[in-house]
Number of protein chains: 4
Amino acid sequence: MAGIRGLFIPGPTNVPEPVRRAMDIPMEDQRAPDLPDFTLPLFHDLKRIFKSEAGQVFLFPSSGTGGWEAAITNTLSPGDKVLAARFGQFSHLWIDLCQRHGLEVESVDCEWGEGVPVERYADILAADQGHKIKAVLACQNETATGVTSDIAGVRKALDETRHPALLFVDGVSSIASIDFQMDEWGVDVAVAGSQKGFMLPAGLAILCVSQKALAMAKDAKLHRCYFDFADMIRTNKDGFFPYTPPLNMFRGLRASVDMLLEEGLENVFARHHRLGEGVRRAVAAWNMKLCAKEKRWHSDTVSAIHLPDGFDSNALIRHAYRRYGLSLGLGLAKLNGKVFRIGHLGDLNELMVLSALGTVELVLRDQGVPIKAGSGVGAAIEYFHQTGTALAVAAE
Amino acid sequence: MAGIRGLFIPGPTNVPEPVRRAMDIPMEDQRAPDLPDFTLPLFHDLKRIFKSEAGQVFLFPSSGTGGWEAAITNTLSPGDKVLAARFGQFSHLWIDLCQRHGLEVESVDCEWGEGVPVERYADILAADQGHKIKAVLACQNETATGVTSDIAGVRKALDETRHPALLFVDGVSSIASIDFQMDEWGVDVAVAGSQKGFMLPAGLAILCVSQKALAMAKDAKLHRCYFDFADMIRTNKDGFFPYTPPLNMFRGLRASVDMLLEEGLENVFARHHRLGEGVRRAVAAWNMKLCAKEKRWHSDTVSAIHLPDGFDSNALIRHAYRRYGLSLGLGLAKLNGKVFRIGHLGDLNELMVLSALGTVELVLRDQGVPIKAGSGVGAAIEYFHQTGTALAVAAE
Amino acid sequence: MAGIRGLFIPGPTNVPEPVRRAMDIPMEDQRAPDLPDFTLPLFHDLKRIFKSEAGQVFLFPSSGTGGWEAAITNTLSPGDKVLAARFGQFSHLWIDLCQRHGLEVESVDCEWGEGVPVERYADILAADQGHKIKAVLACQNETATGVTSDIAGVRKALDETRHPALLFVDGVSSIASIDFQMDEWGVDVAVAGSQKGFMLPAGLAILCVSQKALAMAKDAKLHRCYFDFADMIRTNKDGFFPYTPPLNMFRGLRASVDMLLEEGLENVFARHHRLGEGVRRAVAAWNMKLCAKEKRWHSDTVSAIHLPDGFDSNALIRHAYRRYGLSLGLGLAKLNGKVFRIGHLGDLNELMVLSALGTVELVLRDQGVPIKAGSGVGAAIEYFHQTGTALAVAAE
Amino acid sequence: MAGIRGLFIPGPTNVPEPVRRAMDIPMEDQRAPDLPDFTLPLFHDLKRIFKSEAGQVFLFPSSGTGGWEAAITNTLSPGDKVLAARFGQFSHLWIDLCQRHGLEVESVDCEWGEGVPVERYADILAADQGHKIKAVLACQNETATGVTSDIAGVRKALDETRHPALLFVDGVSSIASIDFQMDEWGVDVAVAGSQKGFMLPAGLAILCVSQKALAMAKDAKLHRCYFDFADMIRTNKDGFFPYTPPLNMFRGLRASVDMLLEEGLENVFARHHRLGEGVRRAVAAWNMKLCAKEKRWHSDTVSAIHLPDGFDSNALIRHAYRRYGLSLGLGLAKLNGKVFRIGHLGDLNELMVLSALGTVELVLRDQGVPIKAGSGVGAAIEYFHQTGTALAVAAE
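Residues numbered from 1 in each chain as written. Chains lettered and ligands numbered in written order. Predicted model: local features only at pLDDT ≥ 70, side-chain atom pairs only at ≥ 80, totals over all residues. Heavy atoms only, no water.

Engineer: Outline the overall build of chain A, listing residues and values.
Structural biologist: Helix and strand counts for chain A stand at 13 helices and 14 strands. For 396 residues, the compact-globule estimate of 2.2 N^0.38 gives 21 Å, and chain A sits close to it at 21 Å. Overall, the C-alpha framework of chain A stretches about 60 × 55 × 40 Å when taken along its three principal axes. Residue burial in chain A is summarised as follows: out of 396 residues, 69% are buried. (Helix = DSSP H or I, 4+ residues; strand = E, 2+ residues; numbered from the N terminus. Rg over C-alpha atoms; globule rule 2.2 N^0.38 Å. Buried < 20%, exposed > 50% of the residue type's maximum accessible area, 1.4 Å probe, protein only.)

Here's what the structure looks like:
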């Protein structure tokens, strides 16, 4: 079909042109004498994205799921207990992964659309006098429901109960898009992926690990080799890797980190908030409901939107893709058929958001969903106009 | 700035991914023994785009202006008379070029917003009993005003007056987007450019020339060498060129011709009409006026839109570019500051048109132009929905 | 520095232009309704590369090391015994990986430069009446020493002793370059990587697994989740993946599989043999010795070459890289400083091999190694000429 | 066929990766408000390549032939006399172009293999007391024969005879590869093309024009429009163009100019000399003769090499292309079938030259030409080694 397709799933996200170009290179020598001149500064600058000075960054050729696996196998032993909450497909899958690696998971089930239950966590931690819980898991942004959780609150719960458990954060769909503060929040392992805020293809798990977690690795008995921190530490310190690294991805990552730092992380977060809010204004104008139950949980990277009863979101998404080249996110697991998701993260601007909203309206009309054409787009435009004027004046 | 920019000028147009990829190749050998296997079928298929069996296609490394120059220098002699109409910046420039090459131009001045004055042409041709007029010029699509002219009508005027003048058509912003029929309309030289409907960067003038015009070349006394048809004919017949050709552009052209033929020319034209009409519905919803004075002149490749009095279209275009990464066409010459142009040709779809309309609305709001946000986008959506349902059903 | 660099390490290998172009695409929707139309045929055709009808192919976003891990964790349980041989750095690392996952390794140490000790394997298997050995590991091509082993021989040893152990083959630097016959040789897990014969960047482990091995997965007690076959089987059957796949790599893989099948696997193998033999002729002309101790072990994908005593191969490799942009393989582990390696696999032809040999000669001269300039290149040319004439005649 | 092809024709030359990447971009807005921030510094830096402060640079979308046409049509009038020498196909074609534009050419015919006959020029200019000669043409590097001429000598001849004629230089295959000094040598129009030393695809004529020549434009009566300097001057001064410019080529040109200036022009020239001399050493070792008759005329960008009697260079070139993917230059016009040309200009290094020489030897052996395999490559290696040691030491 003619024209540019619209990719509005919550990852993989659009790869910016400078990142594409940086990746489109002849293959390189993974043991070149000058490779460290490239890799060492990259590791350094990645820490700035995590807002960490004390931590260490790891780059595993894998998806984010591999990052979850690296987090637990390097720090825990069979039978160790972890605390986790299940409120969406991805928080569910991380729990599943822990169980399959022989961990005992104390799992708090929440309604889908809620975030990490900070108060429940606090109660459980307070009750765990024997410190059987070795790690607390928190999904900063549940991609399935468009819910952002309060990681600082989880840290507070740990601190107030003086609980020594490690804090693991799944930041795959938040880091580099929504504020994340590794050191300030005392996060021990943060897991990000290349294909969301880092604006790259899938294929890299990007972790930042605290010194406390690294120290745990010595006694961690879970088997590991591919995802072993120690092999990485030994070779990364000289700028190399324990096995053939995907150098083209690293070249792309360099470009993406440069773009993030040039725009400024706080500007990146503000842009995501502004664009996400534009989408929410449109949803409100359509008289539809977000999956996220409360404003504090609204995600600036993805909105999961309930279709009115009687409409099938799978049919809508299929129609959008086949007829207009627009990719929207499916409803996952128990939300399947009921919600569609608009990903609004990564290399995004007003023009792109308006293209998505306009085309969603066209799709809704085609599917017979009762909305007024132009209503959602108009609400977003009006929001962008009202909040952007000062900025516009400044820019000229 | 973040995100994809919006290129909605009437050329150069967006280069489709397959064309980009086809061009991004290591440099090739311009005299490779197998080059003719590539070039000869390309020439053949280009004729299908012009709807010509009898004509011959030429590829000059130049802009469309070079194509105009090739048209006249190969067929005319100093002092020859040509008939032309001036109703926009590009029809004006072609006249200027003729004069600078020593031709005498009988120029009909029209209001900008009108098309080729077919009746006036007929009168002039009828009066030219001595057949002093050697060529009639017609701009099929005046890019400056968004006006499409009736080329079949010009042919009819020539036929009815039994006038032997050559018919030259500037199809730079129409060919491959709006129906053009070389043989059926008896066009003698058609000039197209790579950067519009052919969806390539600028750099190629693409001409189709009738046998009648080729025969004229023998006696044409205007000086020429770079743009000489004869040198091309001599080398092209074996698949080669008289000087180093831009092979990467030819590879891209192959991809673009393949895309056009795969979609089907009539489908390409229908798509342009549908998308152009969507834009016109939005303009109407904004209560603005097109530069094109009558419906029969509405261009399916570009709309020139009058801003209400008191607003400066240059400021609007600058704001759109700087603040939102949206490129719109300037008002040219006497229209400068008064109109802005939306190019809607080439590799385009509903999603892209809606992105342009939505962002134009945002820009209009920012500039204080009194429109209701969502009105134009909504009108376009509604038009796309109403006219697309049958198609949508068929596609699934 | 000016000009094209020469990448002659044994992986990552040169990425062919069609593969580069196939990968350089806007990001795609990992759950697009038409994705299976792409992925299912890809899985099918990959089996042809492994010469397997009965097996199942898996694509893990990881390096080849991850492929080793997938092989054992899906089929074995803690404490299981495996038989392996150590005759180079990569056969060593696979043994190490097994041990770190809690397996008991019966390891046969060989001299570096020898291949899998088929007779020793046969003796050990014969002696293992209780079938304690659950899997036999064999490295088809030891990249560190340039040694190719006899996998059919290992199968014969298993068959003759009627031993039920699984046969695991590391084919990372052989599959798609040197003949490999999954079904014929009764291989149970074959591990390949994207960055060698598949001519892609690093980032994919490509496995083919027999039904016998898949059946073992049910009772295999080693922990796994990221590398779990079952999750892949469940989602791959519909053309999807259990976590975000690197779609750009898959697009590249499609292009590379197409190239391999178009050339024809037997032609690919013959080309590798011819080019490898050209390198060996040059080595002989230089009066140098290969690391591979016997002709039957000569690798057609990489040659490890001993420098004369008194010369430091690290200095030579560094000089080649810095001064001439030529990348050669380091001597690894106990071979460090003593050998340099020329990778001659993947997207390679005579012109490229001659560029490497010529530049190696220049580097040898610069380093004071006593060779006659032109001797090795000349020997390779003469070999290519003598063996290529028939082919050359046929091609014209 | 597998592997990288070898492009060793004297243009188009290999496009370096940074230039390819710079060109592979989404299409841009030719009237963007920030375009001048890009174009004005580009014009400025191009003057550094021509070694001109006083001149003005022009970029025409055309081949070098268009550059020749621009040179004469902007400065001369019908019937004007020019002095030129014919000693190869390209010097011949420029003369032909002048004649077709109505100029009177005083043409000095030389043997092919000689350069501009400076003494003959001096005699003719001295004899032209009435200053009928308005322009003197000199081809700095005759691509057909591999001959470089003495432009400073031509200037000297003009100065010594106090002749006011303009000096036009065809530097298409020399500028940016061989020293060229616009101001120092008093050149009035220098014509370069994108596809040689500028390492871009064909498609741009790059001119530098003296103030003296610009002043002539006012009275020059040759017809021109597409190639008119005045239209360019009027729009270029603000950073824009009179017709749609090939912006992707300009982006590539920016990258190429950056590469040239970063390497340093004198280093670029020295590299070309070194690599060209390596080729000449090989030719001598093969006991073959260059077309260039004397050492002072040896071209550092292309060598035209006579095959021994009884061999057909067309067959050799065809075999090299079809069998090994090596492109060599044909013998042109009267040299057809007798010589083959090795282009050694642009983005080139020792490794690439050795790949060409090695493959040429293989081709010569296949064709039965009596040479010893390795002899030419060895001679080049030895030359590179002997002359490169000091440099090599310095670089590490």
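Engineer: Describe the environment of Leu83(D), naming the residues involved and giving the relevant values.
Structural biologist: All names here are of chain D. With respect to the helices, strands and loops of the structure, Leu83 is situated in strand S3 (residues 81-86). For Leu83 and His163, which are 80 residues apart along the polypeptide, the C-alpha to C-alpha distance reads 12 Å. Apart from residues no more than four positions distant in its own chain, Leu83 is found in contact with Glu106, Val108, Tyr121, Ile124, Leu125, Ile133, Ala135, Val136 and Leu137. (Contact = heavy atoms within 4.5 Å.)

Engineer: If you had to explain the pairing of strand S2 (residues 56-61) of chain B to someone new, which residues and values would you point to?
Structural biologist: The side chains of a regular strand alternate, first on one face of the sheet and then on the other. All names here are of chain B. Here S2 lies mainly inside the structure; 5 of its 6 residues are buried. Sheet topology note: the S2/strand S10 (residues 204-209) ladder contains 6 bridges and is antiparallel. Paired with Phe58 across the bridge in S10 is Leu207. (Pairing = 2+ DSSP bridges.)

Engineer: Go over the relation of the copies chain B and chain C with me, naming the residues and quoting the values.
Structural biologist: In screw terms, the move from chain B to chain C is a rotation of 180° and a rise of 0.0 Å along the axis, fitting with an RMSD of 0.0 Å. Given the turn and translation reported, the copies of this chain are related as if by a two-fold rotation axis. Of the C-alpha atoms belonging to chain B, the one lying closest to the rotation axis is found on Arg21(B), 3.0 Å away. Comparing interface residues between copies, 100% of those in chain B also sit at the interface in chain C, which points to an isologous, same-surface contact. (Least-squares fit on C-alpha atoms with pLDDT ≥ 70 in both.)

Engineer: Go over the interface of chain B and chain C with me, naming the residues and quoting the values.
Structural biologist: Taken residue by residue, the interface counts 5 residues in chain B and 5 residues in chain C. Taken together, the connections running from chain B to chain C amount to 0 residue pairs in polar contact (both at pLDDT 80 or more). (Polar contact = N/O pair within 3.5 Å; in protein donor to acceptor, adjacent residues only side chain to side chain.)

Engineer: Describe in detail unusual backbone geometry, supporting the description with residues and values.
Structural biologist: The omega torsion across Gly11(C) and Pro12(C) is 0°, close enough to zero to call that bond cis. With respect to the secondary-structure elements, Pro12(C) resides in the loop between strand S1 (6-8) and helix H1 (17-23). A positive phi is found at Met199(C), a non-glycine position, where the angle reads about 60°. Along the polypeptide, Met199(C) turns up in the loop between strand S9 (189-193) and strand S10 (204-209). Residue class for Met199(C) comes out buried when judged on its relative accessible area of 3%. Even without being glycine, His131(D) reaches a positive phi, approximately 55°. With a relative accessible area of 27%, His131(D) lands in the partly exposed category.

Engineer: Outline the sheet that holds strand S14 (residues 339-343) of chain D, supporting the account with residue identities and numerical values.
Structural biologist: The antiparallel open sheet is built from 3 strands, whose spatial order is S11-S12-S14 (chain D). Each of the sheet's edge strands pairs with one partner strand only, and the pair in question is strand S11 (289-290) and S14 of chain D.

Engineer: Describe the environment of Leu137(D), and please don't skip the residues or the numbers.
Structural biologist: All names here are of chain D. Counting through the fold element by element, Leu137 comes out in strand S5 (residues 133-139). In this structure the C-alpha to C-alpha distance between Leu137 and Phe168, which are 31 residues apart in sequence, comes to 4.9 Å. Apart from the residues within four sequence positions on either side, Leu137 is in contact with Val82, Leu83, Ala84, Ala85, Trp94, Cys98, Tyr121 and Phe168.

Engineer: Tell me about the side chain of Ser63(C), and name the residues and values.
Structural biologist: Secondary-structure assignment places Ser63(C) in the loop between strand S2 (56-61) and helix H3 (64-73). Leave out the neighbours within four places in its chain, and Ser63(C) touches Pro61(A), Tyr226(A), Tyr243(A), Thr244(A) and Ala205(C).

Engineer: Break down the interface of chain C and chain A for me, citing the residues and quoting the values.
Structural biologist: Listed by partner, the interface residues are 53 residues for chain C and 53 residues for chain A. Both sides together, the interface formed by chain C and chain A hides about 4400 Å², and carbon and sulfur atoms give 59% of it. When the area that chain C buries against chain A is broken down by residue, the three leading residues are Met27(C), Arg100(C) and His223(C), summing to 15%. Connecting chain C to chain A are 6 salt bridges. The residue Arg20(A) makes a salt bridge to Asp24(C) at a minimum N-O spacing of 3.0 Å. Along the contact surface separating chain C from chain A lie 16 residue pairs in polar contact (both at pLDDT 80 or more). Elements with a minimum of two residues in the side of chain C that touches chain A: H1, H3, helix H4 (89-100) and helix H11 (313-324) of chain C. Residue composition of the side of chain C that touches chain A, by class: 25 nonpolar, 14 polar and 14 charged. (Buried area = accessible area lost by both parts, 1.4 Å probe. Salt bridge = Lys/Arg side-chain N within 4 Å of Asp/Glu carboxyl O. Nonpolar A, V, L, I, M, F, W, Y, C, P; charged D, E, K, R; others polar.)

Engineer: Hey, could you go over the relation of the copies chain C and chain A for me, with residue numbers and the actual values?
Structural biologist: For the pair chain C and chain A, the best superposition has an RMSD of 0.0 Å and corresponds to a rotation of 180° with a translation of 0.0 Å parallel to the axis. Both copies share a contact surface, since 100% of the interface residues of chain C are interface residues in chain A too.

Engineer: Give me the nonpolar core: which residues, what numbers.
Structural biologist: If you look at the biggest cluster of nonpolar residues, it comprises 199 residues, and the most contacted ones within it are Phe198(A) and Phe198(C). When residues no more than four places from it in sequence are discounted, the contact partners of Phe198(C) are Leu46(C), Ile49(C), Ile175(C), Ala176(C), Ala192(C), Gly193(C), Ile206(C), Leu253(C), Ser256(C), Val257(C) and Leu260(C). In terms of nonpolar packing, the next biggest core, distinct from the first, is built from 196 residues, Leu103(B), Cys225(B), Phe58(D) and Val172(D) among them. (Core = buried A, V, L, I, M, F, W, Y, C linked by side-chain atoms within 4.5 Å.)

Engineer: Any details on the packing of aromatic side chains? Residues and values, ideally.
Structural biologist: What the rule picks out here adds up to 54 aromatic pairs over all chains. Between Phe60(C) and Phe227(C), the ring centres sit 5.4 Å apart and the planes meet at 70°, which makes this aromatic pair edge-to-face. With a gap of 167 residues between them, Phe60(C) in strand S2 and Phe227(C) in the loop between helix H7 (211-216) and helix H8 (229-236) connect regions that are remote in the sequence. On the basis of relative accessibility, which here comes to 1%, the residue Phe227(C) falls in the buried class. What links up through ring pairs into an aromatic cluster is the set Phe58(A), Phe60(A), Tyr226(A), Phe227(A), Phe229(A), Tyr243(A), Phe58(C), Phe60(C), Tyr226(C), Phe227(C), Phe229(C) and Tyr243(C). The side chain of Arg5(D) reaches across the aromatic face of Tyr321(D), ending 4.9 Å from its centre. (Phe/Tyr/Trp six-rings, centres within 6.5 Å; stacked < 30°, edge-to-face > 60°. Lys NZ or Arg CZ within 6 Å of the ring centre and 35° of its normal.)

Engineer: Let's hear about the packing of helix H5 (residues 118-127) of chain C against helix H6 (residues 151-160) of chain C: which residues, and what values?
Structural biologist: Residue and element names in this part refer to chain C. Contact geometry of H5 with H6 gives a least axis separation of 9 Å together with a crossing angle of 20°. By the angle between their axes, H5 is roughly parallel relative to H6. Every pair of crossing elements has a handedness; the one defined by H5 and H6 is right-handed. When H5 is examined against H6, the residues Val118, Tyr121, Ala122 and Leu125 are found in contact with a partner set consisting of Gly153, Val154, Ala157 and Leu158. The residue makeup of the contact of H5 with H6, split by class, is 7 nonpolar, 1 polar and no charged. (Axes fitted to C-alpha atoms, helices over the stretch in contact; angles between N-to-C directions. Parallel < 35°, antiparallel > 145°, perpendicular 65-115°, else oblique. Left-handed = near helix turned anticlockwise from the far one by under 90°.)

Engineer: Could you give me a rundown of the state of the cysteines, with the residues and numbers involved?
Structural biologist: Residue and element names in this part refer to chain A. Applying the stated criterion across every chain yields a total of 0 disulfides over all chains. The structure places no disulfide on Cys110, whose sulfur is separated from the nearest cysteine sulfur, that of Cys139, by 11 Å. Its relative accessible area of 14% is what places Cys110 among the buried residues. (Disulfide = S-S within 2.5 Å.)

Engineer: Lay out the side chain of Asp170(B) with the relevant residues and their values.
Structural biologist: All names here are of chain B. Within the fold, Asp170 resides in strand S8 (residues 166-170). This buried residue, Asp170, is left without a salt bridge; Lys196 holds the nearest opposite charge, at 8.2 Å. There is a polar contact of 2.9 Å between the side chain of Asp170 and the backbone nitrogen of Val172. Not counting residues within four places of it along the chain, the set of residues in contact with Asp170 comprises Trp68, Trp94, Ala138, Cys139, Gln140, Asn141 and Val191. (Lys, Arg positive; Asp, Glu negative; His and termini not counted.)

Engineer: Please give an account of the sheet that holds strand S3 (residues 81-86) of chain A that cites residues and values.
Structural biologist: Pairing between the strands of a sheet is mediated by backbone hydrogen bonds and can be parallel or antiparallel. All names here are of chain A. Spatially, the 7 strands line up as an open sheet ordered S2-S10-S9-S8-S5-S3-S4, and their pairing is mixed. A single partner strand is all that each edge strand has here, and the edge strands are strand S2 (56-61) and strand S4 (104-109). Taking the axes of each pair of neighbouring strands and ignoring which way they run, one obtains an average angle of 20° across the sheet. Across 5 bridges, the pairing between strand S9 (residues 189-193) and strand S10 (residues 204-209) is antiparallel. Residue Gly193 lies in a different strand from S10, and its bridge partner there is Ala205. The strands that helix H9 (residues 247-263) touches are S2 and S10; relative to S10, the one it contacts most, it runs at about 60°.

Engineer: Which residues make up the pairing of strand S10 (residues 204-209) of chain D, and what are the values?
Structural biologist: Burial within S10(D) is extensive, with 6 of its 6 residues counted as buried. Of the two faces of S10(D), the one carrying Leu204(D), Ile206(D) and Cys208(D) and the one carrying Ala205(D), Leu207(D) and Val209(D) are both buried.

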